Amino acid sequence: MPSSSKTDIIQLVRKPISPSKLVRHVRASSDGAVVTFDGCVRDNTRGRRTLYLEYEAYEPMALAKMEEIAAELHRKFSIGRIAMVHRLGRIEIGEPSVLIVVAAPHRAAAFEACRYAIDTLKKTVPIWKKEFFEDGAVWAEGELPPAPAETTAAKRAS
Amino acid sequence: MSVHSTMRVKVLFFGRLREVAGRSEQTVELPAGVSLGQLFEICASRRPELARYRSSLVASRNQEFAAWDSPLEPDDEIAFLPPVSGG
């Protein structure tokens, strides 16, 4: 469990996420701002009543991609610690499915980094959501991650 | 065929693709030198319902997104990934 007070928390979990614990973890005495994104389960999709969601992940790759996002945040923004936790399995209405907390000396960097983190996570981290309705279930449409173009070797050969 | 001319790779399916493939994991024996795209064609020839997802998925090789023409190596871990929807 990465829980040293000096490090980021990057996790996939199967139990409810505790936002307050993560906020306490990231806040340092040099920080003047802590921004939290709490992605929670909505009770409908385009007016259709949602009962609950189920998430699955390609776990080792998802964790690696989340670590990459954290490293990128540290490069791009003047921030302190980050917590990025995604829950898997069945999640009920109103519960957080993803929590991102960024601490920084000043608020602008904390806001920007938090926004960048959730936008990037939604495009690049291999996690999938299935929505359960009263009359059936569907996989959420999602976004296709950018994949590398064809390799140079193959281009030369063709 | 000699033992050196084939190799095995592990293939993982996720989300709707796992449901279409009817399994989450499979070991596939292939001729050496086959590409990621050719591997998908082999999987789709065994499970024709997979074919129509080819244009709406990306592939990974050893947990990195990879181009369809990437050559495969023995014991690679390949995954076919539908559009992601975390968050």
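These lines cover the structure that appears in this document, whether it is placed above or below. Note that this is a predicted model, so its numbers are computed, not measured. (Residues numbered from 1 in each chain as written. Chains lettered and ligands numbered in written order. Predicted model: local features only at pLDDT ≥ 70, side-chain atom pairs only at ≥ 80, totals over all residues.)

**Some details on the interface of chain A and chain B**
Using the following cut-off: Whether two residues are in contact is decided by their C-beta atoms, placed from the backbone, lying within 7 Å. The way it works is that DSSP assigns letters per residue, a run of H or I at least four long becomes a helix, a run of E at least two long becomes a strand, and they are numbered from the N terminus. Gly is put with the polar residues, along with every residue not named as nonpolar or charged; the nonpolar set is Ala, Val, Leu, Ile, Met, Phe, Trp, Tyr, Cys and Pro, and the charged set is Asp, Glu, Lys and Arg.
Counting residues at the interface gives 29 residues for chain A and 22 residues for chain B. At the level of secondary structure, the elements contributing two or more residues to the side of chain A that touches chain B comprise α2 (59-76), α3 (107-124) and β8 (127-133) of chain A. Here the side of chain A that touches chain B is composed, by residue class, of 19 nonpolar, four polar and six charged.

**Concerning the environment of Glu92 of chain A**
Residues and elements named next belong to chain A. Within the element layout of this structure, Glu92 appears in strand β6 (residues 89-92). C-alpha separation for the pair Glu92 and Lys130, spaced 38 residues apart in sequence, amounts to 12 Å. Setting aside residues no more than four positions away along its own chain, Glu92 makes contact with Val41 and Tyr52.

**Description of the sheet that holds strand β2 (residues 33-40) of chain A**
Residues and elements named next belong to chain A. Here is the rule we go by: At least two DSSP bridges between two strands are needed for those strands to be called paired. Angles run from 0 to 180 degrees between N-to-C directions of axes, and those axes are lines fitted to C-alpha atoms, restricted for helices to the stretch in contact.
Strand order across the open sheet formed by four strands is β1-β5-β7-β2, with mixed pairing between neighbours. In this open sheet, the two strands that pair with only one neighbour each are β1 (9-13) and β2. With direction set aside, neighbouring strand axes in the sheet form an average angle of 5°. Relative to strand β5 (residues 82-87), β1 runs parallel, the two sharing five bridges. Residue pairing in the sheet places Ile10 in a bridge with Met84 of β5.

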